[in-house]
Amino acid sequence: MVKKYTGIAIALHWIIAVGIVVNLLLPNIWEAAGDENVRPLINLHKSIGVTVLGLAVMRLLWRLTHRPPALPASYKPWEVTASHAAHWALYALILAIPLTGWIMDSAWKDAAANPMQWFGLFEWPRIGPVMGLDEATKKGVHDSFGEAHEILGYAMWALWALHVGAALKHQFMDGEKELQRMLP
Ligand code: HEM
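Quick caveat: nothing in here was measured; it's all calculated off a predicted structure. (Residues numbered from 1 in each chain as written. Predicted model: local features only at pLDDT ≥ 70, side-chain atom pairs only at ≥ 80, totals over all residues. Heavy atoms only, no water.)

1. Here we look at the coordination of the iron atom of the ligand
Protein-derived ligands of the iron atom of the ligand are His45 (NE2) and His149 (NE2), with the metal-ligand distances lying across 2.0 Å. Geometry at the iron atom of the ligand is octahedral, judged from the 6 donor atoms that bind it and their angles of 84 to 179 degrees at the metal. On the criterion of sequence distance, the pair formed by His45 in helix H2 (residues 35-65) and His149 in helix H5 (residues 135-172) is long-range, its members being 104 residues apart. (Donors = N, O, S within 2.8 Å, 3.2 Å for Na, K, Ca; no water. Tetrahedral: all angles 85-135°; square planar, octahedral: opposite > 155°, others 65-115°. Helix = DSSP H or I, 4+ residues; strand = E, 2+ residues; numbered from the N terminus.)

Following this line, the structure appears as structure tokens:
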């Protein structure tokens, strides 16, 4: 009998996973796109990103209030430790990446003239205390959080590869029903 995550945890896992992968790929797409397509693609990136942030907060609350299903007994102690470390690092990244993006965007010098629209439906707020900084400090915040946003994006690719690689190894080399734990 496979021990599964709850429906809420499964839904949050897959919606966040798709949002993260799309947002990791979008910068490559807008770099290749013509000038007229860049702004709409960045706006889409921001809308997906703040949605991921909201869902990541819900996911963390779920995790802090529920015990996930026990890992299969065949896991070696080091695999249990490594998987917990990777999962907590992933929680940290799904919060930190959109948060650094939102802070960077709030410190953008043209933020006031370009309100952020959530999928074109309503205005999504910038972070007031960041927008209110003087111009020089704002530039420093924009550049440093932009740098952090980029570096965390690379870290996410690395952890993503580890996470997916480990799941597939348990599924196909160890013969565990690993993927079924996170499938409806
Ligand atoms: C799912 C969450 C997110 C992921 C995985 C993500 C990932 C990335 C990556 C990989 C880049 C390219 C960095 C580079 O090479 O310079 C980027 C750029 C950017 N992101 Fe995000 N991001 C996320 C959320 C957000 C949010 C919430 C915002 C703002 C509200 C945002 C705003 C931006 C902006 C403004 C840029 C730079 C655009 C430019 O080049 O001018 N991101 N993001």
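2. So, the site of the ligand
Lining the immediate environment of the ligand, one finds 19 residues, of which Pro27, His45, Ile97, Gly101 and His149 sit closest. Take His45: an N or O atom from its side chain is 2.8 Å from a nitrogen atom of the ligand. Between a nitrogen atom of the ligand and a side-chain N or O atom of His149, the distance comes to 2.7 Å. Among the elements of the structure, helix H1 (7-32), H2, helix H3 (77-106) and H5 are those that each provide at least two residues to the shell around the ligand. Class assignment for the residues of the shell around the ligand results in 11 nonpolar, 5 polar and 3 charged. (Near = heavy atom within 4 Å. Polar contact = N/O pair within 3.5 Å; in protein donor to acceptor, adjacent residues only side chain to side chain. Nonpolar A, V, L, I, M, F, W, Y, C, P; charged D, E, K, R; others polar.)

3. Some words on the side chain of His45
The exposure class assigned to His45 is buried, which follows from its relative accessible area of 13%. Dropping the residues within four chain positions of it, His45 is found in contact with Asn23, Leu26, Pro27, Trp30 and His149. (Buried < 20%, exposed > 50% of the residue type's maximum accessible area, 1.4 Å probe, protein only. Contact = heavy atoms within 4.5 Å.)

4. Notes on the packing of aromatic side chains
For any pair of aromatic rings, geometry is given as the distance between the ring centres together with the angle between the planes. Counted according to the given criterion, the structure contains 6 aromatic pairs. An aromatic cluster of at least three residues, connected via ring pairs, comprises Trp118, Phe119 and Phe122. (Phe/Tyr/Trp six-rings, centres within 6.5 Å; stacked < 30°, edge-to-face > 60°.)

5. Side note on the packing of H1 against H2
The geometry of a pair of packed helices is captured by two quantities: the angle between their axes and the separation between those axes. Direction vectors running N to C along H1 and H2 enclose 155 degrees, while the axes themselves pass 9 Å from each other. Classed by the angle they form, the pair H1 and H2 counts as roughly antiparallel. Here H1 runs over H2; the crossing is left-handed. (Axes fitted to C-alpha atoms, helices over the stretch in contact; angles between N-to-C directions. Parallel < 35°, antiparallel > 145°, perpendicular 65-115°, else oblique. Left-handed = near helix turned anticlockwise from the far one by under 90°.)

6. Describing the nonpolar core
Membership of the largest hydrophobic core comes to 20 residues, with the highest contact counts inside it found for Ile16, Ile20, Ile94 and Met156. Broken down by secondary-structure element, the contributors of at least two residues to this core are H1, H2, H3 and H5. (Core = buried A, V, L, I, M, F, W, Y, C linked by side-chain atoms within 4.5 Å.)

7. Re the pattern of salt bridges
Under the defined criterion, the tally for this structure stands at 8 salt bridges. A salt bridge links Lys169 to Glu79, with the nearest nitrogen and oxygen atoms 3.2 Å apart. Of this pair, Lys169 sits in helix H5 while Glu79 sits in helix H3, placing them 90 residues apart in sequence. For Glu79, a relative accessible area of 7% gives the class buried. Glu178 serves as the salt-bridge partner of Arg181, at 3.9 Å between the closest nitrogen and oxygen. Given a relative accessible area of 13%, Glu178 falls into the buried group. Connected through shared salt-bridge partners, Lys46, Asp105 and Arg126 make up one network. (Salt bridge = Lys/Arg side-chain N within 4 Å of Asp/Glu carboxyl O.)

8. Observations concerning the side chain of Glu176
Position of Glu176 relative to the elements: it lies in the segment after H5. Within the local environment of Glu176, its side chain forms a polar contact with the side chain of Ser74, the two groups lying 2.3 Å apart. Aside from chain neighbours lying at most four places away, what touches Glu176 is Pro72, Ser74, His170 and Gln171.

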